Structure formats: structure tokens, C-alpha cells
Amino acid sequence: MQATPTGVSWAGLVSGPAAWAITLQPDYSIAFWQCHAGFRPTALFSLTGAAVAMAGAVLSWRAVRDRSHGTSPPSKARTRAFLARTSVGVGALFTLVLLAQTLAGLTFSGCEL
């Protein structure tokens with residue numbers, strides 16, 4: 001018996017905001033250091049977060065494409081379909097937010113204050 005690949009209906013809903021919150025912390029904490037070092041790792045942090053948010057959106061998209069709408073609760077198919085579609089939107093939105101944050105990290109050095 002071979003397992004069929006299915007998505008996770010809630011992955012985009014969790015991964016997008018979590019990636020944004022996690023990447024925002026080092027961005028703020030190293031802004032002063034970044035100003036004096038001349039190296040800008042905040043763009044790399046934000047780009048990594050965008051990849052994580054996109055991965056969650058892709059997992060949710062796979063759940064939308066699957067007829068059973070993923071393998072995770074809740075148990076009703078219509079509820080899982082709504083959750084999967086909403087998660088794709090949230091994951092895509094946070095991917096765009098993190099890409100904009102990447103551009104800001106490349107544009108600003110941290111010395112603007």
C-alpha cells in the first residue's frame with residue numbers, strides 16, 4: 001500500500017505569521033550592529049522567512065488540490081477546504097510581506113536614525 005501525497009490544510013495559516021514573527025526579532029536586535037559592521041544579514045533572514053511562508057502556502061495548496069482536503073483535522077471536508085484555501089491566502093500574503101521586508105533590508109542600512 002503506497003501513501004498518497006497530501007497537503008496540510010493549516011500549514012500556510014501557521015507558517016506565514018510564525019516566519020514573520022521569528023525573522024522580525026533578529027532584524028530588530030541586530031540593526032545597531034548591522035549599521036557599524038557594513039554587512040546586512042537582515043535581508044537573508046527575511047528571505048529565509050519568505051521561503052518558509054511559501055512552503056506553508058504550497059502545503060496548503062496541495063491540500064486544496066486533494067479531494068479530501070488534506071489529512072489533518074477538522075473532520076468535515078467543507079471546513080478543511082475553507083481552512084486550506086484561507087491558509088493559501090495567508091501564506092501568500094505573508095510571503096509578500098517578507099519579500100517586502102527583504103527589500104527594506106537591502107535598501108536601509110540601520111544607520112538612518
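Source: prediction; values computed, not measured. (Residues numbered from 1 in each chain as written. Predicted model: local features only at pLDDT ≥ 70, side-chain atom pairs only at ≥ 80, totals over all residues. Heavy atoms only, no water.)

### Points about the layout of surface pockets
If a probe as big as a water molecule is rolled over the atoms, it shows which places are left empty.
Right, so step 1: The space that makes up the largest pocket amounts to roughly 260 Å³.
Right, so step 2: The wall of the largest pocket is formed by 13 residues, among which Asp-27, Gln-34, Thr-42, Ala-104 and Gly-105 lie closest to the centre.
Right, so step 3: Listed by contribution, the elements that provide at least two residues to the lining of the largest pocket are helix H1 (11-29), helix H2 (31-37), helix H3 (42-65) and helix H4 (77-107). (1 Å grid on protein atoms, 1.4 Å probe; cavity = no way out; pocket = protein on both sides within 12 Å on 5 of 7 lines; lining within 4 Å. Points joined across faces, edges and corners; volume = space filled by probe spheres on them. Helix = DSSP H or I, 4+ residues; strand = E, 2+ residues; numbered from the N terminus.)

### Quick word on the side chain of Thr-95
Right, so step 1: By the element assignment, Thr-95 lies in helix H4.
Right, so step 2: On the basis of relative accessible area, Thr-95 is assigned to the buried category, the value being 5%.
Right, so step 3: Reaching out from Thr-95, the side chain makes a polar contact with the backbone oxygen of Gly-91 at a distance of 2.7 Å.
Right, so step 4: Each residue touching Thr-95, except ones within four places of it in the same chain, is listed here: Ala-50, Ala-53 and Met-54. (Buried < 20%, exposed > 50% of the residue type's maximum accessible area, 1.4 Å probe, protein only. Polar contact = N/O pair within 3.5 Å; in protein donor to acceptor, adjacent residues only side chain to side chain. Contact = heavy atoms within 4.5 Å.)

### What about the packing of H1 against H4?
Right, so step 1: At their nearest, the axes of H1 and H4 sit 6 Å apart, and the two run at 20° to each other. Between H1 and H4, the crossing angle belongs to the class labelled roughly parallel. Crossing handedness for the pair H1 and H4: left-handed. Contacts between H1 and H4 involve Gly-12, Leu-13, Gly-16, Pro-17, Ala-19, Trp-20, Thr-23, Leu-24 and Asp-27 on the former and, on the latter, Leu-83, Ser-87, Val-90, Gly-91, Phe-94, Val-97, Leu-98 and Gln-101. (Axes fitted to C-alpha atoms, helices over the stretch in contact; angles between N-to-C directions. Parallel < 35°, antiparallel > 145°, perpendicular 65-115°, else oblique. Left-handed = near helix turned anticlockwise from the far one by under 90°.)

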